[in-house]
Amino acid sequence: MATPTELDDYLFDLRGYLVLEQALEPDLVDDLNTALDALPRLQPQAWFGNVQRVDNNPGDAGLELQNIVEGGSAFERLIDHPSWLGHVRRYCGEQDSYVEGLFIDECFATIRQHGGFFPVHSGGYRGAVRGQYRYDNGLFRCGQVNILMALTDIGVGDGGTLVVPGSHKSNLQHPCFEDYATWRTPMDTMPGVVEVHLRKGDALLFCDGLSHGASTRTNPGERRAVIYRYGPSWATTRYGYTYSEELLTRVTPQRKAILRPIPPRQPPTA
Ligand SMILES: O=C(O)CCC(=O)C(=O)O
């Protein structure tokens, strides 16, 4: 398992994000793409098993498949992937506390085509506790850390993730934030943004409290990514999805502990 280095900690604290190069094995990238190809092209809000298509910012962000961990065994391999498990445990796993542990509160695949983008959101200024960045008494105590995995190369014109480095700690609102967020304008030209380019198999790790979004895709073809959001063991799923008993029974104890860190406690039946 990869252990966060001193440089990882420094850059994560400073910028709010890290690029984990070639985090996914090539065969896993292939399996994920094959699994996505095998899923039926769902209409918005339609379900396939325990996966639902719910497009964020309809029309802008592209096709999004929520609860994708239920989409096949390739997605199960991502739950505790050794390329980032050590990082998320350290940054948002309530280390050295009585509630130490992780939970995946949202996981989805995103397929974006020409013209698609994701408006800016989040940031340290008046941010939700759920996504907050915190470092205190020598420990990271973030509310949520996202792993965005590139299943296609994401370079110039491909609609890369845009971040405002350091904004996870910002005490002030970006002067142009409202213009870009509420007018649903792509944040491509927003002052201070950095576009993160990824090769297929790379992963972008970032604190959800960082101001972020994605640039407009101008190239043909599609940008494919999977996003798993990790947080503390006591969190709940963002949209109310529940992981199926079939999935919980099938996965390893370590994976189960991330999907259901706190088993339900009920009185005995008869
Ligand atoms: O699609 C992207 O690159 C950004 C996704 C995003 O903004 C989010 O997951 O909150």
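Scroll up a little and you will see the structure.
Here is what the cut-offs are and how they apply
Residues numbered from 1 in each chain as written. Predicted model: local features only at pLDDT ≥ 70, side-chain atom pairs only at ≥ 80, totals over all residues. Heavy atoms only, no water. Helix = DSSP H or I, 4+ residues; strand = E, 2+ residues; numbered from the N terminus. Buried < 20%, exposed > 50% of the residue type's maximum accessible area, 1.4 Å probe, protein only. 1 Å grid on protein atoms, 1.4 Å probe; cavity = no way out; pocket = protein on both sides within 12 Å on 5 of 7 lines; lining within 4 Å. Points joined across faces, edges and corners; volume = space filled by probe spheres on them. Nonpolar A, V, L, I, M, F, W, Y, C, P; charged D, E, K, R; others polar. Phe/Tyr/Trp six-rings, centres within 6.5 Å; stacked < 30°, edge-to-face > 60°. Lys NZ or Arg CZ within 6 Å of the ring centre and 35° of its normal. Patch = residues over 30% accessible without salt bridge, like charges linked within 9 Å, V, L, I, M, F, W, Y side chains within 5 Å. Areas by Shrake-Rupley, 256 points an atom, 1.4 Å probe, with all protein chains shown as cover. Salt bridge = Lys/Arg side-chain N within 4 Å of Asp/Glu carboxyl O. Disulfide = S-S within 2.5 Å.

### Things to note about the environment of Leu 7
Within the secondary structure, Leu 7 sits in helix H1 (residues 6-15). Here Leu 7 falls in the exposed class, since its relative accessible area comes to 53%. Sequence separation between Leu 7 and Val 196 is 189 residues; the distance between their C-alpha atoms is 18 Å.

### Looking at empty space enclosed by the protein
All told, the structure shown has three cavities of 30 Å³ or more when counted by the stated rule. The computed volume of the largest cavity comes to approximately 140 Å³. The wall of the largest cavity is formed by 15 residues, among which Phe 118, His 121, Leu 148, His 212 and Ile 227 lie closest to the centre. Contributing elements (two or more residues each) for the lining of the largest cavity: strand E5 (102-113), strand E6 (118-121), strand E13 (212-214) and strand E14 (222-232). Taken together, the residues that form the lining of the largest cavity break down as six nonpolar, five polar and four charged. Volume-wise, the second largest cavity comes out at about 50 Å³. Every residue along the wall of the second largest cavity is listed here: Leu 36, Leu 39, Pro 40, Arg 41, Leu 42, Leu 63, Leu 65 and Ile 111.

### Observations concerning the packing of aromatic side chains
One pass over the full model with this rule turns up seven aromatic pairs. Seen from their ring centres, Phe 12 and Phe 140 are 5.9 Å apart, and the 50 degrees between their planes marks the pair as tilted. You can see Phe 12 sitting in helix H1 and its partner Phe 140 sitting in strand E8 (residues 139-140), a full 128 residues away along the chain. Of the two residues, Phe 12 and Phe 140, neither departs from the other in class, the shared state being buried. Between Tyr 91 and Phe 140, the aromatic rings sit 4.7 Å apart at their centres with planes inclined by 70 degrees, giving edge-to-face as the arrangement. With a gap of 49 residues between them, Tyr 91 in helix H4 (residues 85-92) and Phe 140 in strand E8 connect regions that are remote in the sequence. The exposure class assigned to Tyr 91 is buried, which follows from its relative accessible area of 0%. Given a relative accessible area of 4%, Phe 140 falls into the buried group. Here a set of aromatic residues connected by ring pairs shows up, and it is made of Phe 12, Tyr 91, Tyr 133, Tyr 135 and Phe 140. The lysine or arginine in question, Arg 15, covers the ring of Tyr 17, its NZ or CZ lying 4.3 Å from the ring centre.

### Some details on the layout of surface pockets
Estimated volume of the largest pocket: approximately 500 Å³. Taken together, 26 residues form the lining of the largest pocket, with His 121, Ser 122, Ala 128, Asp 208 and Arg 238 sitting closest to its centre. Counting residues per element, the lining of the largest pocket draws most heavily on E6, at three residues. Taken together, the residues that form the lining of the largest pocket break down as eight nonpolar, 13 polar and five charged. Within this model, the second largest pocket holds a volume of roughly 290 Å³. Lining the second largest pocket are 16 residues, and of these Phe 103, Thr 242, Tyr 243, Leu 259 and Arg 260 lie nearest its centre. Here the residues of the lining of the second largest pocket sort into 10 nonpolar, four polar and two charged.

### A closer look at a nonpolar patch on the surface
Taken together, the side chains of Leu 7, Tyr 10 and Leu 14 define a hydrophobic patch exposed on the protein surface, amounting to about 330 Å² of accessible area. Residue position: Tyr 10 is located in helix H1.

### Here's the deal with H4
Burial analysis of H4 places six of its eight residues in the buried class, the great majority of the element. Those residues of H4 lying buried are Leu 85, Gly 86, His 87, Val 88, Tyr 91 and Cys 92. Glu 94, located one to two residues past H4, shows a positive phi value of around 50 degrees.

### Quick look at the state of the cysteines
Taken as a whole and judged by the stated rule, the model has zero disulfides. Distance from the sulfur of Cys 92, which forms no disulfide, to the nearest cysteine sulfur (Cys 142) is 6.8 Å. Unpaired in terms of disulfides, Cys 142 finds its nearest cysteine sulfur in Cys 207, a separation of 4.4 Å. On the accessibility criterion, Cys 142 (4% relative accessible area) is buried.

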